[in-house]
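# Examining the three-dimensional arrangement
If you want the building blocks of each chain, they are given just below.
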Amino acid sequence: MDIRELLRENIRTLAPYSTARDEYQGELGIYLDANENPYDNNYNRYPDPHQKNLKRRLAEIKGVPVEKIFIGNGSDEPIDLVFRLFCEPRRHNAVSIAPTYGMYKVAAAINDVQMREVQLEPGFTLDAEKLLAATDENTRLLFLCSPNNPSGNCFPKKEIEKVIRRFNGIVILDEAYIDFAGQPGFLSELDEYPNLVILQTLSKAWGMAGLRLGLAFAQPLIVDTLSRVKYPYNINVVTQKIVLEQLRKSPDAQIAEIVSERGRVLEGLAKNPVIRKIHPTDANFVLVEVDEPRTIYDRLIGAGIIVRDRSRIKGCEGCLRITIGTPEENDRLLETLKKL
């Protein structure tokens, strides 16, 4: 397929905003080009609009060339931008699994694009044929989240491949929780799929949720277009600096402990008569079914423990989503549940 033909006409011809730092590359001593306050307080200069240093470090970590990396203000920014790139309001539509991350549907509504939701099969399994059948000639985007939120499970690789190969639009594969899964994601196979956009984040495994930095990996044409449409200085100076510092550390030890604790929490939950069902998980959380979700939620709140009540979502009736915490937090959760 010709990805350029999928772009909205106004996006194909867009002349992006040019910052002062786009017009000159280099390090000089005197900056009189951007109408900044000249007195140095560490924050008086605009940030690098292209996050060059950050992208170079991420390219090393992820094994992906710089030109295939887009950095957003959280993953929510590229989610919103793909609608602006590919969907004409009230004309094109998008397809998503359900239940899944709610921001896909919100971004569609903000951009005045119909979102067609395809309910997952029992056990939150993916039926690729059913998903593809929901598309038509006006479907530009298809969203998959694996491991999925809120169910926690990864989908079989063959089913995901089938969707990517057979859909004549852009597939957005959200891998926010892939670091906790027992299987690799699709990043190493990015070059095989010109219509694939992979979302990842530094919020989960890397522990940088408060810094709001999300990643999109795609072919250079898509990344370049995302970069032309984004707001010029979308990642601030402080975030770029702190993220670079944090990327010098390895998250492997914390990931290993979270995965280990996940197993221990699952064992503890399985012994508790309050828990009716535990759904398999490849993420840093678990979805459980209980008889009275709101009552248990409120009692946990009363004990100072906050979980997520997902029981009002279709397919998640009776379910609470529980994030894996520190060993001490998990101990307190399990002990509190024993008393209910």
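Above this text you will find the structure in question.
This one's a predicted model, so the numbers in the text were calculated from it and none came from an experiment.

Here we come to the nonpolar core. Membership of the largest hydrophobic core comes to 43 residues, with the highest contact counts inside it found for Leu131, Leu144 and Leu196. Among all residues touching Leu144, those that are not within four sequence positions of it are Ile97, Tyr104, Leu126, Leu131, Ile160, Val163, Ile172, Leu173 and Asp174. Grouped together as the second largest cluster of nonpolar side chains are 31 residues, Tyr104, Met115, Val197 and Val229 included.

When the terminal C-alpha atoms of helix α13 (residues 327-338) are compared, their 17 Å separation across 12 residues agrees well with the 16 Å that a helix rising 1.5 Å per residue should span. Within α13, burial applies to Asn330, Leu333, Leu334, Thr336 and Leu337. Angular distribution of buried residues about the axis of α13 spans 160 degrees; they occupy a single face of the element. Among the exposed residues of α13, those pointing more than 90 degrees away from its buried face are Glu328 and Lys338. In this fold, the buried residues of α13 make contact with α11 (252-270), α12 (293-302) and β11 (319-323).

The next subject is the layout of surface pockets. The method is simple in principle: a probe with the dimensions of a water molecule rolls over the atoms, and the space it marks as empty is what remains. Considered as a void within the structure, the largest pocket measures approximately 800 Å³ in volume. Lining the largest pocket we find 23 residues, and of these Glu27, Tyr46, Pro47, Asp48 and Asn53 sit closest to its centre. Residue assignment for the lining of the largest pocket shows that the elements contributing at least two residues are α4 (52-62) and α10 (237-246). Here the residues of the lining of the largest pocket are counted per class, giving 9 nonpolar, 6 polar and 8 charged. Lining the second largest pocket are 21 residues, with Asp76, Tyr101, Asn149, Tyr177 and Lys204 positioned closest to its centre. Within the lining of the second largest pocket, the residues separate by chemical class into 7 nonpolar, 7 polar and 7 charged.

Next up on the list: unusual backbone geometry. Residue Pro99 is bonded to the preceding Ala98 through a cis peptide linkage, with omega at 0 degrees. For Pro99, the position within the fold is in the loop between β2 (93-98) and α6 (103-110). Cis rather than trans, the peptide bond between Ser146 and Pro147 has omega equal to -5 degrees. Residue position: Pro147 is located in the loop between β4 (139-145) and α8 (157-166). Of note, Asn35 is a non-glycine position whose phi angle comes to about 55 degrees, a positive value. One can find Asn35 in the loop between α3 (20-23) and α4. The residue Arg90 is not glycine, and still its phi comes out positive at about 65 degrees. Residue classification places Arg90 among the exposed residues on the basis of a relative accessible area of 75%.

Moving on, we come to the sheet that holds β11. Within the open sheet, the 4 strands sit side by side as β8-β9-β11-β10. Their pairing is antiparallel. Each having just a single partner strand, β8 (275-278) and β10 (308-309) make up the two edges of the open sheet. Direction of pairing for strand β9 (residues 285-290) relative to β11: antiparallel, over a ladder of 5 bridges. Residue pairing across strands places Val288 opposite Leu320, the latter belonging to β11.

Under the definition given, this model contains 2 cavities of 30 Å³ or more. By volume, the largest cavity amounts to about 40 Å³. Along its surface, the largest cavity is lined by Ile97, Val118, Gln119, Leu120, Glu121, Thr125, Leu126, Asp127, Lys130 and Leu131. Those elements that provide at least two residues to the lining of the largest cavity are β3 (114-119) and α7 (128-133). Considered class by class, the residues forming the lining of the largest cavity number 5 nonpolar, 2 polar and 3 charged. Of the voids in this model, the second largest cavity is the one considered here, and its volume is about 30 Å³. Taken together, Pro49, His50, Gln51, Lys55, Phe70, Ile71, Ser227 and Lys230 make up the lining of the second largest cavity. Of the residues contributing to the lining of the second largest cavity, the split by class is 3 nonpolar, 3 polar and 2 charged.

Running from N to C, helix α5 (residues 76-86) and α6 point in directions that differ by 45 degrees, and their axes come no closer than 9 Å. Classified by the angle between their axes, α5 and α6 sit oblique to one another. Two packed elements cross with a definite hand, and for α5 against α6 that hand is right-handed. In contact with Asp76, Ile79, Asp80 and Phe83 of α5, α6 contributes Met103, Tyr104, Ala107 and Ala108. Class assignment of the residues belonging to the contact of α5 with α6 gives a composition of 6 nonpolar, no polar and 2 charged.

So, on to the packing of aromatic side chains. The full count for this structure, using the stated rule, is 6 aromatic pairs. Plain terms: the ring middles of Tyr104 and Phe143 are 4.8 Å apart, the flat faces sit at 20 degrees to each other, and that makes the pair stacked. Within this pair, whereas Tyr104 is found in helix α6, its partner Phe143 is found in strand β4, the two being separated by 39 residues in sequence. Relative accessible area serves as the criterion here: at 1%, Phe143 is assigned to the buried category.

Conventions we followed
Residues numbered from 1 in each chain as written. Predicted model: local features only at pLDDT ≥ 70, side-chain atom pairs only at ≥ 80, totals over all residues. Heavy atoms only, no water. Core = buried A, V, L, I, M, F, W, Y, C linked by side-chain atoms within 4.5 Å. Buried < 20%, exposed > 50% of the residue type's maximum accessible area, 1.4 Å probe, protein only. Contact = heavy atoms within 4.5 Å. Helix = DSSP H or I, 4+ residues; strand = E, 2+ residues; numbered from the N terminus. Expected span 1.5 Å × (residues − 1). Arc of directions from axis to C-beta. 1 Å grid on protein atoms, 1.4 Å probe; cavity = no way out; pocket = protein on both sides within 12 Å on 5 of 7 lines; lining within 4 Å. Points joined across faces, edges and corners; volume = space filled by probe spheres on them. Nonpolar A, V, L, I, M, F, W, Y, C, P; charged D, E, K, R; others polar. Pairing = 2+ DSSP bridges. Axes fitted to C-alpha atoms, helices over the stretch in contact; angles between N-to-C directions. Parallel < 35°, antiparallel > 145°, perpendicular 65-115°, else oblique. Left-handed = near helix turned anticlockwise from the far one by under 90°. Phe/Tyr/Trp six-rings, centres within 6.5 Å; stacked < 30°, edge-to-face > 60°.

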